[in-house]
Amino acid sequence: MITNKENTNKENLIMELNKIIDIRSDTVTKPTDDMRQVIANAIVGDDVWGDDPTVNELQNMLCELSGKEAALFVPSGTMSNQIAIASATNSGDEIICESQAHIVRYEAGAPGFISRVNTKQISTTDGRLDLNAIIEEIRPLNLHYPLTKMICLENTHNYLGGRILPLDYIKEVESIAKEHKIHLHCDGARLWNASAATGISIKDYSEPFDSVSLCLSKGLGAPIGSVLVGSNEFISKAKRFRKILGGGMRQVGIIASAGIYAIKEHFKLLPVDHNNAKIFAQILSKSNQIEIDLNKVETNIVFFSYPIKLDQEKLINTLKQKNILIGAAGKNSLRAVFHLQVNEEEAIFAGNQIVETIKELMN
Ligand SMILES: Cc1ncc(COP(=O)(O)O)c(C=O)c1O
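Residues numbered from 1 in each chain as written. Predicted model: local features only at pLDDT ≥ 70, side-chain atom pairs only at ≥ 80, totals over all residues. Heavy atoms only, no water.

## Some words on the nonpolar core
We apply this condition: Nonpolar cores are built from buried Ala, Val, Leu, Ile, Met, Phe, Trp, Tyr and Cys residues. Side-chain atoms within 4.5 Å join them into one set. Three exposure classes are used, based on accessible area relative to the maximum for each residue type with a 1.4 Å probe and protein chains only: buried under 20%, partly exposed in between, and exposed over 50%. Two residues form a contact once any of their heavy atoms are found within 4.5 Å.
Of all hydrophobic cores here, the largest spans 52 residues; its most connected members are Leu58, Leu62, Phe73, Ile134, Leu153, Trp192 and Leu216. Look past the residues within four positions of Trp192 in its chain and what remains in contact with it is Leu62, Leu65, Ile202, Leu214, Cys215, Leu216, Leu220, Ile263, Phe267 and Leu270. Of all hydrophobic cores here, the second largest spans 31 residues; its members include Ile14, Ala281, Val297 and Leu310.

Below, the structure written as structure tokens:
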């Protein structure tokens, strides 16, 4: 057990080291020295021609992990999702998704801009779209209506706090999608976290979906890249859209190698991030000025609220002066995300500093 004195010593050490604790996102990780070695030694070829052995190895690895026939390495999670939408729809169609889904909230209007589709958004508190609401939103065939061509689920759900979708729930959505012949896509940017937290394999989580997008540059800590998986037919269509969007890259084994390394070496470390998120959340929950629901902390993302009269910019800037970088998540809420480059002591330090800072600013 860590005593208060030991904690204070560690906190002093963190302050002396002047280390910046960046919990704005798990996208902020930088390649480790070992990863950089792997990058330096990567064997490469022209991937637009399918000639890059390292990209092919990564894609094969993802086929194996997800149980899907084919995989496509792309520069970002956004491109992966948007290529999936473009491949499953036609201009004027409609897709059903959660109202805070990354594809609608943070992809700059891309479904409308790239694929020219409508989004039918269903609000939830945990990422689980109500099954009856999905059925109600599927358009009947009628010349006045668009065609419903895709249902998109996000697992884990970023903006709702890294919540995990239960496999049984996903299977229920799958039966609805199958019955209505609708493509089921998973934005699995953090499917790795769902898998690490539940012990359910990536394959089992992917099985109900027609396509899954998995990011290498979130909790896994690779600098760049995502992989879209699906059937051979779907991925060959996706490959064409990747080219259209300028995502066909040449000697890209350089970065695919970091993805392979990240899956081999960092996937297994995700439970550490989940544990740090819980420790951090527990510290915050002791403050009577902070509102946090510990039951909602399922993976590496923590949302919490503070008194509305506290100026958000001032809070974020004061924490910045204390070397803690954290992001806003609504009017009087912040979001903290734990990753490879924040250890347990730093998570404890950040938690205590946030509690203290809110107390100071409220006085
Ligand atoms: C759930 C989710 N999907 C997709 C993305 C997009 O990934 P990228 O930033 O690589 O475009 C993100 C980014 O944070 C995300 O959280």
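Moving on, there is more to tell.
## Here we look at the site of the ligand
Using the following cut-off: Proximity is defined per residue: if any heavy atom of the residue lies within 4 Å of a molecule or strand, that residue is considered near it. N or O atoms closer than or at 3.5 Å make up a polar contact, with two conditions inside protein: a donor-capable atom paired with an acceptor-capable one, and, for residues adjacent in sequence, both atoms drawn from side chains. Note that accessible areas follow from Shrake-Rupley with a 1.4 Å probe, and for residues the cover is restricted to the protein chains shown. Secondary structure is summarised from DSSP: a helix means a run of H or I of at least four residues, a strand means a run of E of at least two, and numbering begins at the N terminus for each. The nonpolar class holds Ala, Val, Leu, Ile, Met, Phe, Trp, Tyr, Cys and Pro. Asp, Glu, Lys and Arg form the charged class, and all remaining residues, Gly among them, are polar.
Surveying the vicinity of the ligand reveals the residues Ser76, Gly77, Thr78, Asn81, His102, Glu107, Glu154, Asn158, Asp187, Ala189, Arg190 and Lys218. One nitrogen or oxygen atom from the main chain of Gly77 is found 2.9 Å from an oxygen atom belonging to the ligand. Relative to its free-state accessible area of 390 Å², the ligand is covered by the protein chains to the extent of 84%. The element contributing the most residues to the shell around the ligand is helix 4 (residues 77-88), with 3 residues. Taken together, the residues that form the shell around the ligand break down as 1 nonpolar, 6 polar and 5 charged.

## Describing the domain arrangement of the protein chain
Put simply, the rule is: Domain start and stop points were drawn from an automatic or database domain assignment. By buried area we mean the combined loss of accessible area, with a 1.4 Å probe, across both parts when two parts are placed together. For this analysis, a salt bridge means a side-chain nitrogen from Lys or Arg found within 4 Å of a carboxyl oxygen belonging to Asp or Glu.
As assigned here, the protein chain comprises domain 1 (4-30 + 268-362) and domain 2 (33-265). A straight line from the C-alpha centre of domain 1 to that of domain 2 covers 29 Å. Between domain 1 and domain 2, the residue contacts involve 19 residues of the former and 20 residues of the latter. In this assembly, domain 1 packs against domain 2 so that about 1,700 Å² is buried in total across both faces, 49% of it on carbon and sulfur atoms. A salt bridge links Arg190 to Asp26; the nearest nitrogen and oxygen atoms lie 2.8 Å apart. Where domain 1 packs against domain 2, one counts 8 residue pairs in polar contact (both at pLDDT 80 or more). If you list the elements that add at least two residues to the side of domain 1 that touches domain 2, you get helix 13 (270-285) and strand 9 (301-305). A per-element tally of the side of domain 1 that touches domain 2 places helix 13 first, with 3 residues. Classifying every residue of the side of domain 1 that touches domain 2 by side-chain character gives 7 nonpolar, 7 polar and 5 charged.

## Regarding the packing of aromatic side chains
Filter applied, for reference: Between 30 and 60 degrees the pair is tilted, below 30 it is stacked and above 60 it is edge-to-face, where a pair is any two Phe, Tyr or Trp rings, Trp via its six-membered ring, whose centres lie within 6.5 Å.
This model, assessed by the stated rule, comprises 5 aromatic pairs. With centroids separated by 4.9 Å and ring planes inclined at 55°, the aromatic side chains of Phe280 and Phe338 adopt a geometry described as tilted. Taken together, the residues span a long stretch of sequence, with Phe280 in helix 13 and Phe338 in the loop between strand 12 (333-337) and helix 15 (344-362) at a distance of 58 residues. On the basis of relative accessibility, which here comes to 0%, the residue Phe280 falls in the buried class. Ring pairing ties together the aromatic residues Tyr106, Tyr159 and Phe303, which thus form one cluster.

## Focus on the environment of Arg250
For Arg250, the location among the structural elements is in the loop between helix 11 (232-244) and helix 12 (253-265). Accessibility expressed as a relative area gives 38% for Arg250, which makes it partly exposed. Counting along the chain gives 199 residues from Arg250 to Asp51, while the straight-line C-alpha distance between them is 8.9 Å. In this structure, Arg250 is in contact with Gly45, Asp46, Asp47, Val48, Trp49, Asp52 and Lys243, ignoring residues within four places of it in sequence.

## Considering the sheet that holds strand 6 (residues 183-188)
Strand pairing within a sheet occurs via backbone hydrogen bonds; the two strands may be parallel or antiparallel. The condition that has to hold: Two strands form a pair only when DSSP identifies at least two bridges running between them. Here, axes are lines fitted to C-alpha atoms. For helices the fit covers the stretch in contact, and angles between N-to-C directions go from 0 to 180 degrees.
The 7 strands are arranged 2-8-7-6-5-3-4 in an open sheet whose pairing can be described as mixed. The open sheet has two free edges, formed respectively by strand 2 (70-74) and strand 4 (118-122), since each of these has just one partner strand. Neighbour to neighbour, the strand axes of the sheet diverge by 20° on average, direction disregarded. Where helix 3 (residues 53-66) meets the sheet, it contacts strand 2, strand 7 (211-215) and strand 8 (226-230), and its direction lies at approximately 130° from that of strand 2.

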